[in-house]
Amino acid sequence: MHPFAYTAAQTPQDVTTRGSHPPHPDILAGGTDLLQLLKERVRTPAELIDINGLDLGGIVEKNGCLRVGALVRMSELAEDPRVKRDWPVVSKALLESASAQVRNMATIAGNLLQRTRCPYFRDVTTPCNRRDPGTGCSALDGLNRIHAILGTSDRCIAAHPSDLAVALVALDARVSILGPDGEDEVAVENLHRLPGDTPHMETVLQPGDLITAIHIPASGCASRSHYVKVRDRATFEWALVSAAVGLDMDGGTIRDARVAVGGVGTKPWRLRAVESLLIGKAPGPQVFKAAADRAADGAQPRGDNAYKVELLKHTVTRALMELGGCA
Amino acid sequence: MTDQSSAVIGKPVSRVDGRAKVTGAATYAGEFRPDRLAHAAVVTSSIPAGRIRALFADAAEASPGVVLVATHHNAPRLPYNSMAQRPQVDPQAGDQLRVLQGPEIQFNGQPIAVVVAETLEQATHAAALVRVEYDPTPAVTRFEEAAKSPRKPGAGKPTDLARGDADAALAAAPVSVDATYDQPMEHHNAIEPHVTIAAWDGDRLTLWDKTQWVGNDRAEIAHVFGIPEENIRVVSPFVGGAFGSALRTWPHVTLAAMAAKMAGRPVKLELTRRQLFSAIGFRPRTVQRVALGAEADGRLTAVIHEAVGHTSQYEDYAETTVEPTAMLYSCRNLRTAYRLAPMNINSPCPMRAPGVITGVLALEMAMDELAEAAGIDPLELRLRNYAERDENKDLPWSSKGLRDCYRTAAERFGWSGRSAAPGSMRDGRELVGWGMATAVYPTHRAAASASVVIRDDGTAVVRSAASDMGPGTYTAMTQVAAEALDLPVERVRFELGDTDLPKAPVHGGSITMASVGSAVQAACVAARARMRALSNAVDPVRGADYAGILRRHGLPQVDVEADAAPGIEQKRFSMYAFGAIFAEVRVDPNLGTVRVPRLVGAYGSGRIINPKTARSQCVGGMVLGLGMALSEQSEWDDRFGKVMNANLAEYLVPVNADVPHLDVTFVDEHDPHVNPLGVKGLAEIAAVGVTPAIANAVHHATGIRFRSLPITPDKVLAGLAKR
Ligand SMILES: Cc1cc2nc3c(=O)[nH]c(=O)nc-3n(C[C@H](O)[C@H](O)[C@H](O)COP(=O)(O)OP(=O)(O)OC[C@H]3O[C@@H](n4cnc5c(N)ncnc54)[C@H](O)[C@@H]3O)c2cc1C
Ligand code: SF4
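Keep in mind the model is a prediction, meaning the values are calculated, not measured.

A. Inspection of the layout of surface pockets at higher detail. Residues and elements named next belong to chain B. As a volume, the second largest pocket reaches approximately 810 Å³. When contributions to the lining of the second largest pocket are tallied by element, the ones reaching two or more residues are α4 (143–146), β26 (636–637) and α18 (713–722). Looking at side-chain class alone, the lining of the second largest pocket contains 9 nonpolar, 8 polar and 13 charged residues.

B. Broad picture of the site of ligand 2. Near ligand 2 there are 14 residues, and of these Cys118, Cys128, Cys137, Cys156 and Ile157 of chain A occur at the shortest range. Classifying every residue of the shell around ligand 2 gives 9 nonpolar, 3 polar and 2 charged.

C. Representation of the sheet that holds strand β28 (residues 661–666) of chain B within the structure. Residue and element names in this part refer to chain B. Strand order in the open sheet formed by 5 strands is β18-β19-β24-β25-β28, and the pairing between neighbours is mixed. Of all the strands in the sheet, just β18 (425–427) and β28 have a single pairing partner and so form its edges. Averaged over all pairs of adjacent strands, the angle between their axes in this sheet comes to 25°, without regard to strand direction. Bridge count between strand β24 (residues 576–587) and strand β25 (residues 594–604): 9 bridges; the pairing is antiparallel. Opposite Val587, over in β25, you have Val594 as the bridge partner.

D. A look at the domain arrangement of chain A. Domain annotation for chain A reports domain 1 (5–50) and domain 2 (220–323). Summarising the inter-unit geometry, the C-alpha centres of domain 1 of chain A and domain 2 of chain A are found 36 Å apart.

E. Seen up close, the interface of chain A and chain B. Between chain A and chain B, the contact holds 35 residues from the first and 33 residues from the second. For the chain A and chain B pair, buried surface summed over both sides reaches about 2,900 Å², with 56% attributable to carbon and sulfur atoms. At the junction of chain A and chain B, the tally comes to 7 salt bridges. The leading source of residues in the side of chain A that touches chain B is helix α13 (residues 307–323) of chain A, at 6 residues. Partitioned by chemical class, the residues of the side of chain A that touches chain B number 14 nonpolar, 8 polar and 13 charged.

F. Focus on the UniProt feature "domain: FAD-binding PCMH-type" (unreviewed entry) in chain A. Sites flagged by UniProt as "domain: FAD-binding PCMH-type" (unreviewed entry) map to residues 1–221 of chain A. Here residues 1–221 of chain A is 27% helix and 18% strand, with 45 Å between the C-alpha atoms at its ends.

G. Summary view of the domain arrangement of chain B. All names here are of chain B. The assigned domain composition of chain B is domain 1 (4–27 + 446–565), domain 2 (32–138 + 189–242 + 246–279), domain 3 (142–185 + 285–372) and domain 4 (395–443 + 575–723). A separation of 35 Å is found between the C-alpha centroids of domain 2 and domain 3. Counting residues at the interface gives 17 residues for domain 2 and 14 residues for domain 3. Between domain 2 and domain 3 lies a buried interface of about 1,300 Å² when both sides are counted; carbon and sulfur atoms form 60% of it. Counting the surface domain 2 buries against domain 3, the share from its top three residues, Pro91, Ala93 and Gln106, is 34%. In this structure, the connection of domain 2 to domain 3 is made through 1 salt bridge. In this structure, Arg248 and Glu315 form a salt bridge, with 2.8 Å as the shortest nitrogen-oxygen distance.

H. Inspection of the site of ligand 1 at higher detail. Residues and elements named next belong to chain A. Among the 31 residues in the neighbourhood of ligand 1, the closest are listed as Ile27, Gly31, Thr32, Thr107 and Asp163. Note that an oxygen atom of ligand 1 is positioned 2.9 Å from one of the backbone N or O atoms of Ala29. In this structure, Thr107 approaches ligand 1 through a side-chain N or O atom, which is 2.6 Å from an oxygen atom. Here ligand 1 loses 93% of its free accessible area of 980 Å² to cover by the protein chains. Those elements giving two or more residues to the shell around ligand 1 turn out to be α2 (34–39), α7 (108–113) and β8 (210–217). A per-class count over the shell around ligand 1 returns 16 nonpolar, 10 polar and 5 charged. Split by domain, the shell around ligand 1 shows at least three residues from each of two domains, domain 1 (5–50) and domain 2 (220–323).

I. Spatial organisation of the environment of Ala695 of chain B. Residue and element names in this part refer to chain B. Looking at the secondary structure, you find Ala695 in helix α17 (residues 690–702). Residues Ala695 and Met365 lie 330 residues apart in sequence; the distance between their C-alpha atoms is 7.2 Å. Apart from residues lying up to four places away in sequence, Ala695 is in contact with Met365 and Ile711.

J. Representation of helix α11 (residues 402–413) of chain B within the structure. Residues and elements named next belong to chain B. Between the first and last C-alpha of α11 there are 16 Å, a value that for 12 residues agrees with the 16 Å anticipated at 1.5 Å per step. For α11, the full list of buried residues reads Leu402, Cys405, Tyr406, Thr408, Ala409, Ala410 and Phe413. Contacts from the buried residues of α11 go to α10 (378–384), β19 (430–442), β24, β25 and β28. In the segment just after α11, Gly414 is the residue with positive phi, at about 85°.

K. Quick look at the pairing of strand β10 (residues 241–250) of chain A. Residues and elements named next belong to chain A. In terms of burial, β10 is a largely internal element, 9 of the 10 residues being buried. Alignment of strand β9 (residues 225–230) against β10, held across 6 bridges, turns out to be antiparallel. Residue pairing in the sheet places Ser225 in a bridge with Gly246 of β10. Note: β10 against strand β11 (residues 253–262), 9 bridges, orientation antiparallel.

L. Looking closely at the packing of aromatic side chains. Residue and element names in this part refer to chain B. Scanning the model with the defined rule gives 15 aromatic pairs over all chains in all. Relative to Trp208, the ring of Phe32 has its centre 5.7 Å away and its plane inclined at 25°; by these criteria the two rings are stacked. Linking Phe32 in the loop between α1 (18–23) and β1 (38–44) with Trp208 in strand β11 (residues 204–209), this pair joins segments that are 176 residues apart in sequence. By relative accessible area, Trp208 is classed as buried at 15%.

M. Looking closely at the nonpolar core. Residues and elements named next belong to chain B. Membership of the largest hydrophobic core comes to 98 residues, with the highest contact counts inside it found for Leu292, Leu370, Phe582, Val585, Ile694 and Ile711. Among the elements that take part in this core, helix α9 (residues 356–374) stands out by supplying 12 residues, more than any other. In terms of domain composition, this core takes at least three residues from each of domain 3 (142–185 + 285–372) and domain 4 (395–443 + 575–723). Those residues within four positions of Ile694 in sequence are excluded, and the remaining contacts are Ala583, Val585, Val596, Leu599, Leu626, Ala629 and Leu630.

N. Here's a closer look at the packing of helix α6 (residues 214–225) of chain B against helix α7 (residues 251–263) of chain B. All names here are of chain B. In contact at an axis separation of 11 Å, α6 and α7 are set at 60° when each is read in the N-to-C sense. Judged by the inter-axis angle, α6 sits oblique to α7. You can see that α6 and α7 cross each other, and the crossing is right-handed. Seen from α6, the contacting residues are Ile221, Val224 and Phe225; seen from α7, they are Val253, Thr254, Ala257 and Met258.

O. Expanded view of the UniProt feature "domain: Aldehyde oxidase/xanthine dehydrogenase a/b hammerhead" (unreviewed entry) in chain B. UniProt tags residues 23–138 of chain B as "domain: Aldehyde oxidase/xanthine dehydrogenase a/b hammerhead" (unreviewed entry). The distance separating the terminal C-alpha atoms of residues 23–138 of chain B is 51 Å; by composition the span is 14% helix and 32% strand.

P. Structural detail: the side chain of Arg233 of chain A. Tracing the backbone shows Arg233 of chain A in the loop between β9 and β10. One buried charged residue, Arg233 of chain A, remains without a salt bridge, the closest side chain of opposite sign being Glu237 of chain A at 4.7 Å. A distance of 2.7 Å separates a polar side-chain atom of Arg233 of chain A from the backbone oxygen of Phe236 of chain A. Only 2.5 Å separates the side chain of Arg233 of chain A from the backbone oxygen of Val653 of chain B, close enough to count as a polar contact. Those residues within four positions of Arg233 of chain A in sequence are excluded, and the remaining contacts are Arg595, Leu648, Ala649, Tyr651, Leu652, Val653, Val655 and Asp658 of chain B.

Q. Expanded view of α13 of chain A. All names here are of chain A. In this model, α13 (17 residues) spans 24 Å end to end at C-alpha, consistent with the 24 Å of a helix rising 1.5 Å per residue. Of all 17 residues making up α13, 14 are buried, and the element is well covered by its neighbours. One or two positions beyond α13, positive phi appears at Gly325, with a value near 70°.

R. Quick look at the environment of Gly134 of chain A. Residue and element names in this part refer to chain A. By the element assignment, Gly134 lies in the loop between α7 and α8 (164–170). Among the residues examined, Gly134 registers a relative accessible area of 73% and is labelled exposed. Taking the C-alpha atoms as reference points, Gly134 and His215, 81 residues apart in sequence, are found 36 Å from one another.

S. Examining the pattern of salt bridges more closely. Using the criterion set out here, one finds 83 salt bridges over all chains in the structure. Close ionic contact of Arg299 of chain B with Asp297 of chain B constitutes a salt bridge, the shortest N to O distance being 2.9 Å. Look at Arg299 of chain B and you get partly exposed, because its relative accessible area is 44%. Via salt bridges that share partners, Asp172, Asp256, Arg258, Arg270 and Glu275 of chain A belong to a single interconnected network.

Calculation notes
Residues numbered from 1 in each chain as written. Chains lettered and ligands numbered in written order. Predicted model: local features only at pLDDT ≥ 70, side-chain atom pairs only at ≥ 80, totals over all residues. Heavy atoms only, no water. 1 Å grid on protein atoms, 1.4 Å probe; cavity = no way out; pocket = protein on both sides within 12 Å on 5 of 7 lines; lining within 4 Å. Points joined across faces, edges and corners; volume = space filled by probe spheres on them. Helix = DSSP H or I, 4+ residues; strand = E, 2+ residues; numbered from the N terminus. Nonpolar A, V, L, I, M, F, W, Y, C, P; charged D, E, K, R; others polar. Near = heavy atom within 4 Å. Pairing = 2+ DSSP bridges. Axes fitted to C-alpha atoms, helices over the stretch in contact; angles between N-to-C directions. Domains from an automatic or database assignment. Contact = heavy atoms within 4.5 Å. Buried area = accessible area lost by both parts, 1.4 Å probe. Salt bridge = Lys/Arg side-chain N within 4 Å of Asp/Glu carboxyl O. UniProt positions renumbered as here; feature names shortened; annotations may be inferred. Polar contact = N/O pair within 3.5 Å; in protein donor to acceptor, adjacent residues only side chain to side chain. Areas by Shrake-Rupley, 256 points an atom, 1.4 Å probe, with all protein chains shown as cover. Expected span 1.5 Å × (residues − 1). Buried < 20%, exposed > 50% of the residue type's maximum accessible area, 1.4 Å probe, protein only. Phe/Tyr/Trp six-rings, centres within 6.5 Å; stacked < 30°, edge-to-face > 60°. Core = buried A, V, L, I, M, F, W, Y, C linked by side-chain atoms within 4.5 Å. Parallel < 35°, antiparallel > 145°, perpendicular 65-115°, else oblique. Left-handed = near helix turned anticlockwise from the far one by under 90°. Lys, Arg positive; Asp, Glu negative; His and termini not counted.

In structure tokens, the structure reads:
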């Protein structure tokens, strides 16, 4: 591990001030991802700023929106009765993430900002554009069974690993960001960037930016929502493919629909084209399947991850069928 | 002990070391704290082949807390004397990796420097400051390429067995199958990382080491350093799982001793999880062709089994992969071959049921294919080919409970309810499949010694330099001793894991119970006889009387030591444990996932000393087989010559949710020949047969043969798409 200075932030401004100046400390929340990166020397910050002492907890429901403090642990949000009732996809996505031990430690802001599981990114002896810009992408022609098929570039095909983010993107959640120049709000969908030519620039956050909360609006789709995750072993593994779906019903027709997918995109991936094929239709296997058939439009498989194209369609179908009571 | 009714043996005694383990009182190798302990971090190569052109250690040396940086420039030249006889745990041909003796690089991840510092953090940081320049040379990192020109193992057991004319018989067979099976490289991934603490006192060395064999650790390090064995003491009271990875004395043990010598103070060297994927061994990838020919009624007429496994450039690590094929079923015509594909990789090593698990999975998957080709129930096919004697060694079995195993496991599983046609057992959208396989593992035994001290407080301490990597050696030996001494288990303490104790063989190959157990029993029987002599009694003396007898004689204690060794019986009988495994799988045809709701295993493994720890062994073995079938693989990148999923998040061992219901039964088996205790060992048999039972069940569910392991969703979907 690279030697680093440790500071415990007393106020959010400590983070924004210190963060916006060299040496640009890394923010330490639950540490479940950051510590791995430090030990592998993927990150070698000169300073860590620990935000665990800040007042960034709490789950509050106000005006039909759930405000979740950045430091809320994954387990706390997953088990919250309001979440289970009105935002089941959030609870389910969390409970299907990691293990109980990790969820007790890990925060929701940290979850959104966890780094990719691409093995080359995490092994500093191999080339990786995302870690060391310009060195090349080892996954393009390497082991890429777990890599993305949507939103890729010829510089990086790493999949975004968060399950929670998939659910949040489906529900139009937003994050509050406190920066050196004040507070801002961004849709979770716009928090992460596509790799393009600059895969090392993962999010829209600037040095010194602190996520303070996430906001999840209530909706018909949120209260009737579902998450399906496919992986090699039964638990404790990131998604090969996952789908977060929500259906708002107006009698026998779908008034609104949400579909977002994980394990397949370089960022959490919303499928609006699939949604529009559902809206206004009567739910049923044919409708679900026809809509899900468009889920992989534009996919660019690359070797070992070709199976994700069909699996993606099947996973979206399955999620819709289970939610729609057809499975 | 011919009388098998007993007070303690066969009882489900809870682990005697359980409390120490869960409270943290058990001291593992890495937890000893000699004075002035310094910490080491290993620097490894980042290319698979070539030479170090330049190595710059100055930045590391200048880093805070650094005591020294050992490299091939400043490390002492070690004699690496050859041993009179190579231990069985080492490859029998080639030369072990010599650390820091020169600039040559033979694999990616090879240790090339050691940094010693006051703290671990300082050492790991400084290790990253060591800068290396290489002159790379072409490397063999593709298995397929290396397997094109494989070679015979340079030494060791013969792997090419033959009887009759298998090729002609295969060509003439009315029914035949011929297929190739691919089992990937696997790593042991024990929870406890490998760690050595080395402390010199003049020319005497103490090693606290994670090892399954303190005796061999001592012998190997004595030869590497050219010092007498008596100068070395190895201590290893607890092992946090090993599965074969701690049989050998690995290069890092030498590095720790070398670093401690150079530093003039004790040094602790612990490998990181990532380093555990290159600094110790692994189960080699093995590609196997099995061809079977049979009469229309399923009786085998030809068996051909050819296997290629990979090894390093410097050693021939060979497995007994094809050996079980020569004895498992009755067949007149047989031919086997085992070849090595040398690559730029570290040497493989035994991993639970080495070779056997690999060979049996190919044979048993092929038997399932034959059953389908011949239109015979898979269990019935095995019964029709039941071997009444060992046709390979041409010897009778010492005992063979396999028929009982088949019957018991089939009944418990409900096998008779199976509908034969693949894909015919749906449950809703899930495809249900039932499969089975045979398990087998040789019963070995080695010479061992044990000592007993009976004290005048009526307690006894029994000792042998054995190991307990988890199966429950402490507990089982305590039971054997308590029984022979006629003492309650609470009054007996068993000590192991120290070269100062009477000699024990390797804790591997499922031999500990048979070998050390026999010595413990012999020593305790002798001790009890001594007590009887002291008491002048005619009747056998009771354990409760020991204290009184000793006090009467004014003796604080009596000491007895005994040896036990296998004898002529080894030549007169063929000795194996057998088992039958039945598996149910559920395949999701859309998502490609395979889950296993239940596994049923019945084992004929001689006498069961402790049904509780025995069941644990079998459950653990089943989980290993499950992982091999569905998720475990070390993902090798040909270009870099290294394992990329070198951590426990991405090397997928089964988790609890993967393991719902495991049913374990031991059939009654009385074997008067194997050893005085009548035990056959359970460690490895429990892992064998599970993988093919699951793979066969997946075929039964889907109608598709998945011959490349593990059977992951991507493969299942590709297979189903082709259907
Ligand atoms: C074995 C294992 C399995 C896992 N499986 C899954 C899984 O199946 N699905 C899944 O979604 N996740 C999984 N995870 C990932 C886990 O959910 C994340 O590691 C965790 O959520 C990160 O949260 P943390 O609080 O520990 O973040 P940290 O590790 O502390 O930080 C992560 C990153 O976020 C930054 N950060 C944290 N908080 C803030 C903030 N408030 N403002 C700005 N930046 C911030 C940090 O600087 C760092 O860059 C797994 C993790 C492990 C170890
Ligand atoms: S996919 Fe992205 S993260 Fe992985 S090696 Fe390529 S550039 Fe790096």
